[in-house]
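The residues making up each chain are set out below.
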Amino acid sequence: MAEAHSAVAFSFSISHEGWDVNFDREVLHLVWSSGIRSWKKRLWRFQNSVKNGVYPAPLQSLWATVGILVALHFAGVRLPIGLVGMLLPHLPSTAFHWQVVACFTVALSVWFAVIQIIRYTLRLLLVYKGWMYEERGSGRSISTKTKLWLVLVKALSGVSRPMLYSFQGSLPKLPVPALDDTVKRYLRSVRPLLNNEEYSRMEKLAEEFGSGIGTKLQRYLKLKSWWASNYVSDWWEEYVYLRGRSPLMVNSNFYGIDAILMHPTKIQAARAATVIYTCLQYRRLIERQEMEPILIQGLVPLCSWQYERLFNTTRVPGPETDRIVHYSDSCHIVVYHRGRYFKVIIYHKNRLLLPCELEVQMQAILDNKSEPLEGEERLAALTAGPRTHWANTRQEFFFKGTNRQSLDAIEKAAFTVSLDDEPYEFDQSRPELLDKFGRVLLHGKGYDRWFDKSFTLCIGSNGRIGFNSEHSWADAAVMSHLWEYVMTEELMAGGYAPDGHTIGEPELQPPAPIRLQWDLNEKALAAIDSSYKIAVNLLNDVDLRIYVHDAYGKGFMKECRLSPDAYIQMAMQLAYYRDAGKFSLTYEASMTRLYLEGRTETVRPCTIESSEWVKSMESKNSTTEERVALLQKACKVHHLGIQDAMCGKGIDRHLFCLYVVSKYLEVESPFLKEVLSEPWRLSTSQTPHGQTTKMDLKKFPKCISAGGGFGPVADDGYGVSYIIAGEDLIFFHISSKRSCDTTDSSRFAKVIEKSLADMRTLFQDYKKLKQQQDKSNKKTE
């Protein structure tokens, strides 16, 4: 085929008449350009590594130090402590140029030593987390200790603009909590879930663990924390993600939705081109480290380690464990449309193609009328099925030849794109459309997403967009950052003409998309079909409901002087109790990126305080004042739990790592075994936003994504993701399994709606009661 021939850059043949050489100048030029780009990237990386290695000092300070030292030396001032004079006898002579060499050497040594002292001091300062626990507002002021800490951190952070990885060398390591503290926090967290007899039994197991094998496991874990950059992250990545053998689709991968209140263009090729271009711009920011690290309160840095694998990354299946493969560069993406795969070159003569040029490529794919090869349409079902089956199939049928070349093109792509042949729709009066939107992104047809890639951009036929993301390489906050950047840049750039096409005219004829080829025999087709059947059963079992709550939002919650996250978590506790008639172990994801290579920690919203409040809401004997007081207390405890999790004082990652150590030592712990086997029937997560500084949501309130979601963690539980999208808007993404008789996502959405309504009524009644009491007190006076 023509597409296959165009991929051949160089060939030669030998005959009795001599030898003949054929080469494609255009393709060879692409190879040359790729090499130039590769060397440029190496130079950027080297320069950035040097800058990050000496941050917060700018490189200019070295030359200033050298200049000052040389001037002082030749002025007769022997600084510092005569080091230049001590070095000169060891040089060939005391000639002028050797004196300059001595001054430069001493200046470099002193400069570097001072920088290391500053960086180590900054790391020690960042260990302090007392600032997080101090309440602000309502006339409260921070302590003198925290004020002094703020001044020192600000002074040592430097005046130069930090790059993405500038603070990596100054971040502290995640501390290992005290074993007794973790066990006590754990027992307190499960108290609402156990009756007296069950709790006494768990107390006994915990006591035996703490006084027995737990002490030994703790010592090994502390030893690892001294040696490793993070004592949790590598084991979490390996044992929670990469060793999982179940399908990634629904069970692990998550999705994100468009800013559904906006619809900048209905032309699929134009929207795809703009979003692809914006993603590639974001990749360039990461590669050149021009994106600033996220700073909490503009001062405390978060770890940026996870951004490195956002692009050019794939998860490769293995018989027992998968592995994450990250490529340093990629000059192409892969696009899936109507069962065909196309390799799309995104650079021409070292220049990134413009949106109008990318639109030409996307339109060429949409206009391509060729039929899928046998087995090609459902090929990606292999990535949606069991991991061991995919690993064996990959080894047998994709190890060499045409299949290997095409698989390499997908796995080495910057990311993949799916141009779907159906619209993504949203209508406030028809909630089932938004539910379908979410399902399309979560699992699609079971074969139209390459679930192994770091992420797949999904473009509906009407120009709406979304993504499906693999989870092992990073947490959802990193994808949320990229997605927020896409939404922001697209709005602010205004890159569409009145007719909906991208602005501008192509400056060149962009490289034509290259159709990938496959050679699949009967056994390979049977393997694909086997995965497809499993994927279909899995996706048909998903019950997804996206509930749009617009009665009120964080504005009202702040008026109640409660944390919006804590408020919503309490609403879900009340909703689950009303839905299931009991309390359940609840998971809320929190981040530990205040520490080097930190990922996530679990917050347990089901507490003694939250259960007491829920019971008061269901009791006719409780007064309004009692209910409000209990809710305020429950929210305060929940907020403290989030702070503890962020500061390395969580429960679950510590116990998880102790369990891993016990497995390495081949010792059994009944306590850890029971802890790690408890099901999370209510798994929740808040989608973060506000990670980019360009967008003013007050000015552009519609430019916020509707969030995203994930599948249920337990077969008999719910997965709930939510995003606080404005002062009066919250999106809930609720998933469960149709095969479970006790769960129903639509029913749970209605219970959440009622719980939120009851909480608003509670505070409205409380406000009226307070007003009546104030009037009564004034009359009495």
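Quantities reported herein were computed from a predicted structural model and do not represent experimental measurements.

Draft legend 1. Inspection of the overall build of the chain at higher detail. A count of helices and strands for the chain gives 26 helices and 22 strands. Taken over C-alpha atoms, the radius of gyration comes to 30 Å for the chain, in line with the 28 Å a tight globule of 781 residues would show. For the chain, the spread of C-alpha atoms along the principal axes amounts to about 110 × 85 × 60 Å. Here the chain holds 781 residues, and 53% of them are scored as buried. Long-range pairs, those at least 24 residues apart, make up 78% of the contacts in the chain with a sequence separation of at least 6. Carbon and sulfur atoms make up 56% of the accessible area of the chain, which amounts to about 35,600 Å² in all. Taking the average place of the 95 positive charges on the side chains of the chain and the average place of its 87 negative ones, the gap between the two points comes to 6 Å.

Draft legend 2. Just the pattern of salt bridges, in detail. According to the stated counting rule, one finds 38 salt bridges in the structure shown. In this structure, Arg 449 engages Asp 420 in a salt bridge whose closest nitrogen and oxygen atoms are separated by 2.7 Å. Here Arg 449 is found in the loop between helix 17 (431–442) and strand 13 (455–459), whereas its partner Asp 420 is found in the loop between strand 12 (416–419) and helix 17, with 29 residues between them in sequence. Here the two residues Arg 449 and Asp 420 agree in accessibility, since each one is buried. When the shortest N-O distance is used, the salt bridge between Glu 601 and Arg 653 registers 3.8 Å.

Draft legend 3. Molecular detail of empty space enclosed by the protein. As enumerated under the stated definition, the model contains four cavities of 30 Å³ or more in all. Taken together, 15 residues form the lining of the largest cavity, with Leu 174, Val 232, Thr 592, Thr 600 and Arg 653 sitting closest to its centre. The class makeup of the residues in the lining of the largest cavity is five nonpolar, six polar and four charged.

Draft legend 4. Structural detail: the UniProt feature "transmembrane region" (unreviewed entry) in the chain. Within this numbering scheme, the UniProt entry marks residues 54–76 and 96–122 as carrying the feature "transmembrane region" (unreviewed entry). Helix makes up 70% of residues 54–76 and strand 0%, with an end-to-end C-alpha separation of 30 Å. For residues 96–122, the end-to-end C-alpha separation is 39 Å, with 100% helix and 0% strand making up the annotated structure.

Draft legend 5. Up close: the domain arrangement of the chain. With domains assigned, the chain is organised as domain 1 (1–50), domain 2 (56–129 + 143–159), domain 3 (179–238 + 564–689 + 700–771) and domain 4 (251–543). The distance between the C-alpha centroids of domain 2 and domain 3 comes to 48 Å.

Draft legend 6. The state of the cysteines, seen in detail. Under the counting rule described, the total for this entry stands at zero disulfides. In this model Cys 331 remains outside any disulfide bridge; the closest cysteine sulfur is found in Cys 279, 17 Å from its own.

Draft legend 7. The arrangement of the packing of aromatic side chains in detail. Scanning the model with the defined rule gives 33 aromatic pairs in all. Aromatic pair Tyr 282 and Tyr 485: ring centres 5.0 Å apart, planes at 55°, arrangement tilted. Separated by 203 residues along the polypeptide, Tyr 282 in helix 12 (residues 268–287) and Tyr 485 in helix 18 (residues 476–493) bring together distant segments of the chain. The class of Tyr 282 is buried, set by a relative accessible area of 0%. Residue classification places Tyr 485 among the buried residues on the basis of a relative accessible area of 11%. Measuring from ring centre to ring centre gives 6.0 Å for Tyr 341 and Trp 518, while their planes differ by 70°; the resulting arrangement is edge-to-face. With Tyr 341 in strand 9 (residues 340–345) and Trp 518 in the loop between strand 15 (514–515) and helix 19 (522–540), this pair connects stretches of sequence that are 177 residues apart. Judged by its relative accessible area of 4%, Tyr 341 is buried. Ring pairs connect the aromatic residues Tyr 336, Tyr 341, Trp 390, Phe 398, Trp 450 and Trp 518, which therefore count as one cluster. Its end group placed over the ring of Tyr 199, Arg 191 keeps NZ or CZ at 4.5 Å from the ring centre.

Draft legend 8. Molecular detail of unusual backbone geometry. Of note in the backbone geometry, Gln 289 takes a positive phi value of approximately 55° without being a glycine. Structurally, the position occupied by Gln 289 is in the loop between helix 12 and strand 4 (295–296). Positioned with a positive phi, Lys 349 is a non-glycine residue whose angle comes to about 55°.

Draft legend 9. Region of the structure containing the sheet that holds strand 9. The mixed open sheet is built from eight strands, whose spatial order is 15-9-8-12-13-14-3-20. Lying at the two open borders of the sheet, with one neighbouring strand each, are strand 15 and strand 20 (708–709). Sheet strands touched by helix 13 (residues 355–367): strand 8 (332–337), strand 9 and strand 12. Its angle to strand 9, the strand with the most contacts, is close to 160°. Strand contacts of helix 16 (residues 401–411): strand 8, strand 9 and strand 12, with the helix running at about 105° to strand 8, the strand carrying the most contacts.

Draft legend 10. View of helix 7 (residues 144–156). For helix 7, with 13 residues, the first-to-last C-alpha span of 18 Å sits near the 18 Å given by 1.5 Å per residue. Restricting attention to buried positions, one finds in helix 7 the residues Thr 146, Trp 149, Val 153 and Leu 156. Around the axis of helix 7, the buried residues are gathered within 100° of arc, so they sit on the same side. For helix 7, the exposed residues set more than 90 degrees away from the buried face come down to Thr 144, Leu 148, Val 151, Lys 154 and Ala 155. Taken together, the buried residues of helix 7 touch helix 5 (96–127), helix 6 (130–133) and strand 5 (300–301). Count one or two residues on from helix 7 and you reach Gly 158, which has phi positive near 85°.

Draft legend 11. Examining the packing of helix 22 (residues 608–618) against helix 23 (residues 624–646) more closely. Packing of helix 22 against helix 23 brings their axes to within 8 Å, and their N-to-C directions diverge by 155°. Comparing their axes, helix 23 and helix 22 come out roughly antiparallel. Note on packing geometry: the crossing formed by helix 22 with helix 23 is left-handed. Contacts between helix 22 and helix 23 involve Glu 609, Ser 610, Glu 612, Trp 613, Ser 616 and Met 617 from the first element and Arg 627, Leu 630, Leu 631, Lys 633, Ala 634 and Val 637 from the second.

Draft legend 12. How the structure looks around the pairing of strand 19 (residues 682–686). Across the five residues of strand 19, four count as buried, placing the element largely inside the fold. Sheet topology places strand 17 (residues 586–591) next to strand 19; three bridges connect them, and they run parallel. If you follow Glu 588 over to strand 19, its bridge partner there is Thr 684. In this sheet, strand 21 (residues 718–726) lies alongside strand 19 in parallel orientation, the contact comprising five bridges. Counted as the bridge partner of Ser 683 is Gly 719 from strand 21.

Draft legend 13. Structural view of helix 15 (residues 387–397). When helix 15 is considered as a whole, its buried residues turn out to be Arg 387, Trp 390, Ala 391, Thr 393, Arg 394 and Phe 397. Along the axis of helix 15, the buried residues cluster in a sector spanning 170°; they form a single face. For helix 15, the exposed residues lying more than 90 degrees away from the buried face are Gln 395 and Glu 396. Residues of helix 15 that are buried sit in contact with strand 6 (313–316), helix 14 (381–384), helix 16 and helix 19.

Draft legend 14. Representation of the environment of Ala 206 in the model. For Ala 206, the location among the structural elements is in helix 9 (residues 196–211). Separated by 22 residues in the primary sequence, Ala 206 and Lys 184 place their C-alpha atoms 8.7 Å from one another. Here Ala 206 is in contact with Val 183, Leu 187 and Phe 671, once residues within four sequence places are set aside.

Rules used throughout
- Residues numbered from 1 in each chain as written.
- Predicted model: local features only at pLDDT ≥ 70, side-chain atom pairs only at ≥ 80, totals over all residues.
- Heavy atoms only, no water.
- Helix = DSSP H or I, 4+ residues; strand = E, 2+ residues; numbered from the N terminus.
- Rg over C-alpha atoms; globule rule 2.2 N^0.38 Å.
- Buried < 20%, exposed > 50% of the residue type's maximum accessible area, 1.4 Å probe, protein only.
- Contact = heavy atoms within 4.5 Å.
- Areas by Shrake-Rupley, 256 points an atom, 1.4 Å probe, with all protein chains shown as cover.
- Lys, Arg positive; Asp, Glu negative; His and termini not counted.
- Charge placed at Lys NZ, Arg CZ, Asp CG, Glu CD.
- Salt bridge = Lys/Arg side-chain N within 4 Å of Asp/Glu carboxyl O.
- 1 Å grid on protein atoms, 1.4 Å probe; cavity = no way out; pocket = protein on both sides within 12 Å on 5 of 7 lines; lining within 4 Å.
- Points joined across faces, edges and corners; volume = space filled by probe spheres on them.
- Nonpolar A, V, L, I, M, F, W, Y, C, P; charged D, E, K, R; others polar.
- UniProt positions renumbered as here; feature names shortened; annotations may be inferred.
- Domains from an automatic or database assignment.
- Disulfide = S-S within 2.5 Å.
- Phe/Tyr/Trp six-rings, centres within 6.5 Å; stacked < 30°, edge-to-face > 60°.
- Lys NZ or Arg CZ within 6 Å of the ring centre and 35° of its normal.
- Pairing = 2+ DSSP bridges.
- Axes fitted to C-alpha atoms, helices over the stretch in contact; angles between N-to-C directions.
- Expected span 1.5 Å × (residues − 1).
- Arc of directions from axis to C-beta.
- Parallel < 35°, antiparallel > 145°, perpendicular 65-115°, else oblique.
- Left-handed = near helix turned anticlockwise from the far one by under 90°.

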